[in-house]
Amino acid sequence: MARDADYNPDVEADIDSDDDLDRPGPSKRAAKKKDKDAINAWEGDFKRTWDVVQEDEAGGLQAAVESLLARGRRKRALRSEAPLRRSLVRHMFIVVDLSESMRDKDFRPSRFDLTLQYLRTFVIEWFDQNPLGQVGVILLRDRLAETLVPMGGNPQEILTALADKARLEPSGEPSLQNGLVMARGGMAHLPSNSSLEILVLFSSISTADPDGPMTIHDVLASLEHAKIRTTIIALSAEIKVCKQIAERTGGKFGVAVDEDHYRDLLWDAVPPPAQTATFGVRDALARGGQAAGGAGAGAGARGGARATKPAGDLLVMGFPTRLPAAGESFCACHGTLKKGGYLCPRCGAKLCDVPTDCEVCALMVVSSPHLARSFWLLFPVANYNTIPHAALAPPLAPTCFGCDARFPSLAPLEAGVARADDGVSPTGRYRCAKCAHDFCMECDL
């Protein structure tokens, strides 16, 4: 077979193809003329993320894991020490989007599994910091809204419902309007002196609302009028109507970037929100924080007199009598036979759990330990100080003053292995500035 004398197999021939004629974008010929020094994406610099996790002196990773957990806890513990006016009694509906978009796996293992995992922990933490509060759960799927758990103060009932995945299968499209209307109707009988809130976990990028005389903007106006604070956490992208609802009702709006950011946005809803002098957020912003009618402006011109503080509301509460778990009797809240329970001090009706509102006389029934635990948010304890190794002076207490747990060994510090970062004490000790006693990380929270 004859071969061309000018043919060289080591040189690539510049052959035009039909792909360069009609295909948009740069052609193959232009791509060949790019800078030879350019590198591909997989050839660029990378971050050695495994170097962030340091092994301890025994070669294990337990110390690194505990350090990461301590950073997150210390970040939540370092809150403002200024006392704020907060709501002791909170009523919240958690609206969960269970549309087909919840099956996406951009959050590991999936949006659905991660949301259920976070919600279980969120409910426990929420009731721990809000013992007088009540929570209900509403699901959005197939363009409908259904109540999974009615408003109540029993966290075990919510955890049991969230553990049943057969009832929580994602399907169809969500309807944000139906969910907000159902949550608004579930709060119609509640007193206005309590904090009414809605937490929406929205996964879709659209909402399939019903076609009728009422629109989602009418629902927004009713939420403003009822003073229901609405917080929306989006898992896909920023949606204009969701952001408007959150801003105009005094809530927060955020888009989760990753799993950790999703958790931070969700945990921001755990502490009770601070109350302002007026519930009209947009009106207060329009007045520049001054009193209505220009009184604040005139007072400021005369020497800066303070604006009138909001008047306090008196709540009628009842302390129930606990029944023994010997015999069964009908409860007023569910109408079923149950052992134990509580007796309403006003009408004598049997209730399953506290805190709750009596179904007969509408009295708020609470227990004294729940009421006492609610005051720690109103009068926060001063932040404890971290103790570096150089500040340690004998005699040192071997155990925590609060829980009597032993402090970690100081051998890594003396060897120069441990270090302090992100406000975490390297010695594991946190000292109260008032009594000068040392506490552990658990007691610091």
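All residue numbers refer to position in the chain's written sequence, counted from 1. A pLDDT threshold of at least 70 governs which residues receive local features in this predicted model, and a stricter bar of 80 or more applies before side-chain atom pairs are shown or counted, although totals over entire chains, interfaces and linings include all residues. The side-chain quantities take in all heavy atoms of the structure and omit both hydrogens and water.

Geometrically, a pair of aromatic rings is defined through the distance of the ring centres and the angle of the planes. Stacked, tilted and edge-to-face pairs are distinguished by plane angle, under 30 degrees for stacked and over 60 for edge-to-face with tilted covering the rest, among Phe, Tyr and Trp rings (Trp via its six-membered ring) whose centres lie within 6.5 Å. If you walk through the whole model with that rule in mind, you get six aromatic pairs. Between the aromatic rings of Phe122 and Trp267, the centroid separation amounts to 6.1 Å while the plane-to-plane angle is 70°, which identifies the pairing as edge-to-face. Of this pair, Phe122 sits in helix H4 (residues 111–129) while Trp267 sits in helix H9 (residues 259–267), and the two are 145 residues apart along the sequence. Using a 1.4 Å probe on the protein chains alone, a residue whose accessible area is under 20% of its type maximum counts as buried, one over 50% counts as exposed, and one in between counts as partly exposed. Assessed through its relative accessible area of 1%, Phe122 is described here as buried. Look at Trp267 and you get buried, because its relative accessible area is 10%. The rings of Phe107, Tyr118 and Tyr262 are connected pair by pair, giving a single aromatic cluster. Remark: a charge is flagged as sitting over a ring if the NZ atom of Lys or the CZ atom of Arg is within 6 Å of the ring centre and within 35 degrees of the ring normal. One residue, Arg263, lies across the ring of Trp267, its end atom 4.3 Å from the ring centre. Each helix corresponds to a stretch of at least 4 residues labelled H or I by DSSP, and each strand to a stretch of at least 2 residues labelled E; elements are numbered beginning at the N terminus.

What follows concerns the sheet that holds strand E7 (residues 317–318). At least two bridges found by DSSP between two strands is the condition for calling them paired. Read from one edge to the other, the open sheet built from three strands follows the order E7-E14-E13, with strand pairing classed as mixed. If you trace the sheet from one side to the other, it starts and ends with E7 and strand E13 (356–357), each paired once. Pairing of E13 with strand E14 (residues 364–365) involves two bridges; the strand directions are antiparallel. Note that in E14 the partner of Asp357 across the bridge is Met364.

Further remarks concern the packing of H4 against helix H5 (residues 155–163). Closest axis-to-axis distance for the H4/H5 pair is 10 Å, and the angle between their directions is 180°. Relative to H5, the element H4 lies roughly antiparallel. In contact with Leu116, Leu119, Arg120, Val123, Ile124 and Phe127 of H4, H5 contributes Pro155, Ile158, Leu159, Leu162 and Ala163. To get an axis, a line is fitted to the C-alpha atoms, and for a helix only the part in contact is used. The angle between two axes follows their N-to-C directions and goes from 0 to 180 degrees. Angle categories are assigned with fixed cut-offs, so that under 35 degrees is roughly parallel, over 145 is roughly antiparallel, 65 to 115 is roughly perpendicular, and the rest are oblique. For this analysis, residues touch if any pair of their heavy atoms sits within 4.5 Å.

Glancing now at empty space enclosed by the protein. Points on a 1 Å grid over protein atoms alone make up a cavity when a 1.4 Å probe fits among them but cannot get out, and a pocket when they form an open set with protein on both sides within 12 Å along at least five of seven lines; lining residues each have an atom within 4 Å of a point. Grid points are joined across faces, edges and corners, and a volume is the space filled by probe spheres set on the points. For the coordinates displayed, the defined rule picks out two cavities of 30 Å³ or more. Looking at the second largest cavity, its volume works out to about 30 Å³. Note on residue classes: Ala, Val, Leu, Ile, Met, Phe, Trp, Tyr, Cys and Pro are nonpolar, Asp, Glu, Lys and Arg are charged, and everything else, Gly too, is polar. Residue composition of the lining of the second largest cavity, by class: eight nonpolar, no polar and no charged.

Moving on, we come to the packing of helix H7 (residues 216–226) against helix H8 (residues 240–248). One can describe the packing of H7 onto H8 by two numbers: an axis separation of 10 Å at closest approach and a directional angle of 15°. Between H7 and H8, the interaxial angle falls into the category roughly parallel. With respect to the hand of their crossing, H7 and H8 are arranged in right-handed fashion. In contact with Ile216, His217, Leu220, Leu223 and Glu224 of H7, H8 contributes Val241, Gln244, Ile245 and Arg248. Across the contact of H7 with H8, the residue classes break down as five nonpolar, two polar and two charged. Crossing chirality is assigned from the near helix's rotation relative to the far helix, an anticlockwise turn below a right angle marking it left-handed and a clockwise turn marking it right-handed.

Another point: the confidence of the model for the chain. Reading fine detail from the predicted coordinates is not recommended where pLDDT is low. When the pLDDT values of the chain are averaged, the result is 77; 68% of them are 70 or greater. Counting interchain partners and residues more than four positions distant, the pLDDT-below-50 stretch residues 11–26 has nine contacts. For the stretch residues 43–48, pLDDT sits under 50, and the model shows one contact to residues farther than four places along the chain or on other chains. pLDDT gives the predictor's per-residue confidence on a scale running from 0 to 100.

With respect to the helices and strands, Ser101 occurs in the loop between strand E1 (90–97) and H4. The exposure class assigned to Ser101 is buried, which follows from its relative accessible area of 15%. Nitrogen and oxygen atoms within 3.5 Å of one another constitute a polar contact, given that in protein one can donate a hydrogen and the other can accept it, and given that sequence-neighbouring residues count only through two side-chain atoms. A polar atom in the side chain of Ser101 sits 2.8 Å from the side chain of Ser99. The residues touching Ser101, leaving out its near neighbours within four places in the chain, are Arg111, Ser203 and Ser204.

Here the focus is the sheet that holds strand E11 (residues 342–343). The three strands lie next to each other as E8-E11-E12, forming an open sheet whose pairing is antiparallel. Only two strands of the sheet have a single partner each, and these edge strands are strand E8 (321–322) and strand E12 (350–351). Relative to E12, E11 runs antiparallel, the two being bridged by two bridges. The residue bridging Tyr342 from the neighbouring strand is Leu351, located in E12.

Here we take up the pairing of strand E3 (residues 144–152). One ladder, built from six bridges, connects strand E2 (residues 134–141) with E3; its direction is antiparallel. By the bridge assignment, Leu140 is partnered in E3 with Ala145. Taking the residues that link successive antiparallel strands as the turn, the E2-E3 hairpin has two residues, and the phi of Asp142 there is positive, at about 55°.

Once that is clear, we can look at a negative patch on the surface. On the surface, Asp258, Asp260, Asp264 and Asp268 cluster together into a patch of negative charge. Here Asp258 lies in the loop between strand E6 (253–255) and H9. Think of a patch as exposed residues, more than 30% relative accessible area, with no salt bridge, where like charges cluster within 9 Å and nonpolar side chains (Val, Leu, Ile, Met, Phe, Trp, Tyr) cluster within 5 Å. To measure how exposed things are, a 1.4 Å probe is used in the Shrake-Rupley method; for residues, cover is taken only from the protein chains shown. In what follows, salt bridge is the name for a side-chain nitrogen of Lys or Arg lying within 4 Å of a carboxyl oxygen of Asp or Glu. By the counting scheme adopted, Arg and Lys are positive, Glu and Asp are negative, and His together with the chain ends is not counted. Charge placement uses NZ in Lys and CZ in Arg. For Asp and Glu, CG and CD serve respectively.

The next thing to look at is the nonpolar core. The nonpolar core is taken to be a set of buried Ala, Val, Leu, Ile, Met, Phe, Trp, Tyr and Cys residues, with the residues joined through side-chain atoms within 4.5 Å. Counting residues in each nonpolar core, the largest one holds 36 residues, and the members touching the most others are Val96, Phe122, Leu148, Ile158, Leu199, Tyr262 and Leu266. Taken together, the elements giving at least two residues each to this core come down to E1, H4, E2, E3, H5, strand E4 (195–202) and H9. In terms of residue count, the dominant contributor to this core is H4 (nine residues). Once residues lying within four places of it in the same chain are set aside, the contact partners of Phe122 are Met92, Ile94, Leu199, Leu266, Trp267, Ala269 and Val270. In terms of nonpolar packing, the next biggest core, distinct from the first, is built from 26 residues, Met187, Leu190, Ala226 and Ile228 among them.

Okay, the side chain of Gln129 next. Looking at the element boundaries, Gln129 is found in helix H4. Among the polar contacts made by the side chain of Gln129, one reaches the side chain of Glu125 at a distance of 3.1 Å.

Next up on the list: the pattern of salt bridges. For the structure shown, the criterion picks out twelve salt bridges. Put simply, Asp106 and Arg111 hold a salt bridge, and the shortest N to O gap is 2.7 Å. You can call Arg111 buried: its relative accessible area is 6%. Notably, a salt bridge pairs Asp438 with Arg429, separated by 3.3 Å at the nearest N-O pair. As far as the burial class goes, Asp438 and Arg429 line up, both buried.

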